[in-house]
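Below are the chains, spelled out letter by letter.
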Amino acid sequence: MYGSDKAGDDAERTAFRKAEKKYKLYYEDNSKSSKKKKLPKQVDLSEVLDFKSISESYNQTGDLPPGIVAVNCGFDRPVFGLENHPGFYFIPGALTLEEQCQWIRESLTNFPQPPNRTNHNVIYGPISNLFVAAKEGKILVEEKSDDCLDSKSSDIVSNGDAQRWKFYEEDSAKSRGKTCKSVSASVLLRKLRWSTLGLQFAWSKRNYDVSLPHNKIPDALGQLAKRMAQPAMPIGEEFRPEAAIVNYFALGDALGGHLDDMEVDWSKPIVSMSLGCKAIFLLGGKSREDEPLAMFLRSGDVVLMAGEARECFHGVPRIFTDEENAEITPLELQFSHADDHCFLEYIRTSRININIRQVY
């Protein structure tokens, strides 16, 4: 679902696609000097809804911009909705700084662990301890015979074929020259785009494959999702976390306009948590021709989409990784300890989204 800019002329683009193009990261043309650092083109952000500012103003004056409503649901912090999008809820700053750091750590160390599947499975099979391997500078090496590497490895990866992949220390991997295919763990970490928790989603079939091995949603994440889902839940019902998709965004990544329509009961919300660099989120209508609203998503924000909002196209055309716009200084301070250096380096240029679903 990660977007690319392959559309034709503006006249052939839908309203949603035009909005994606408007906010997408483009660079200034400085082809005359290839040595100059590429500068991002300026983007007009004046029409982007800023729920952080809206919440601050609402707390002070009680006033809200046209089209935005305060949701009275007994929640312990302000919850906002949109008059024209029933079932959509925005909870700015819903996660504490400690919770944000906790789920960033989990998203990088535990959530990509087998039996959870990632985008790397199709090529490398299940990969264990990717974050640790990247931290230690290891190399993933393909082994088809005893001719490749004969020293002991730290992990073995199998994708079900004759091929086997192992993590090796850099010196051991390089000593064999080019006799085996290899890729560094740090590159694989940077190319991690999604992992699935709980019931596993089969992307090629666009459904949940209950036959795939899986663990239940971690209890702590499930309890958090239940608490956050309350504003969007029917009275007297409790959210049941059964599956989650974790999306990993790097500079220039985009999540194209799509629907989350594979769950049985759309009255139950998708609970979507933002971590890391600030992003722009687009919420459209039931057709791609409906002009979408743009809004900022910051680390700690939670979005709920239930009912009619589940039928609306939505996507993420842009993340901000520059110091001025990323707005991650509190996270940087929290990850300032030497043991957290790898988390700090990752989150400075990345965004993580955890979206939890009730499937049945």
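The rules we used
- Residues numbered from 1 in each chain as written.
- Predicted model: local features only at pLDDT ≥ 70, side-chain atom pairs only at ≥ 80, totals over all residues.
- Heavy atoms only, no water.
- UniProt positions renumbered as here; feature names shortened; annotations may be inferred.
- Helix = DSSP H or I, 4+ residues; strand = E, 2+ residues; numbered from the N terminus.
- Expected span 1.5 Å × (residues − 1).
- Buried < 20%, exposed > 50% of the residue type's maximum accessible area, 1.4 Å probe, protein only.
- Salt bridge = Lys/Arg side-chain N within 4 Å of Asp/Glu carboxyl O.
- Pairing = 2+ DSSP bridges.

- As recorded by an unreviewed UniProt entry, the chain carries the name Oxoglutarate/iron-dependent dioxygenase and is attributed to Corchorus olitorius.
- According to its UniProt record, the chain has this under Sequence similarities (unreviewed entry): "Belongs to the alkB family."

### Some points on helix α3 (residues 97–109)
- With 13 residues, α3 extends 18 Å between its outermost C-alpha atoms, agreeing within 8% with the 18 Å of an ideal straight helix rising 1.5 Å per residue.
- Here α3 has its buried residues at E99, Q100, C101, W103, I104, S107 and L108.

### Details of the pattern of salt bridges
- Considering all chains together, one arrives at 22 salt bridges under this definition.
- In this structure, R227 engages E99 in a salt bridge whose closest nitrogen and oxygen atoms are separated by 3.1 Å. Highlighted residues: R227 in helix α8 (residues 219–229) and E99 in helix α3, separated in sequence by 128 residues.
- Residue E99 is classed as buried on the basis of its relative accessible area of 16%.
- In this structure, K268 engages E237 in a salt bridge whose closest nitrogen and oxygen atoms are separated by 3.1 Å. Taken together, the residues K268 in the loop between β12 (255–258) and β13 (270–276) and E237 in the loop between α8 and β11 (243–250) connect sequence positions 31 residues apart.

### A look at the pairing of strand β16 (residues 302–305)
- Covered by surrounding structure in β16 are V302 and L304 together with V303 and M305, the residues of both alternating faces.
- Pairing analysis gives four bridges linking strand β3 (residues 85–91) to β16, with the strands arranged antiparallel. Among the inter-strand pairings, I91 is bridged to a residue of β16, identified as V302.

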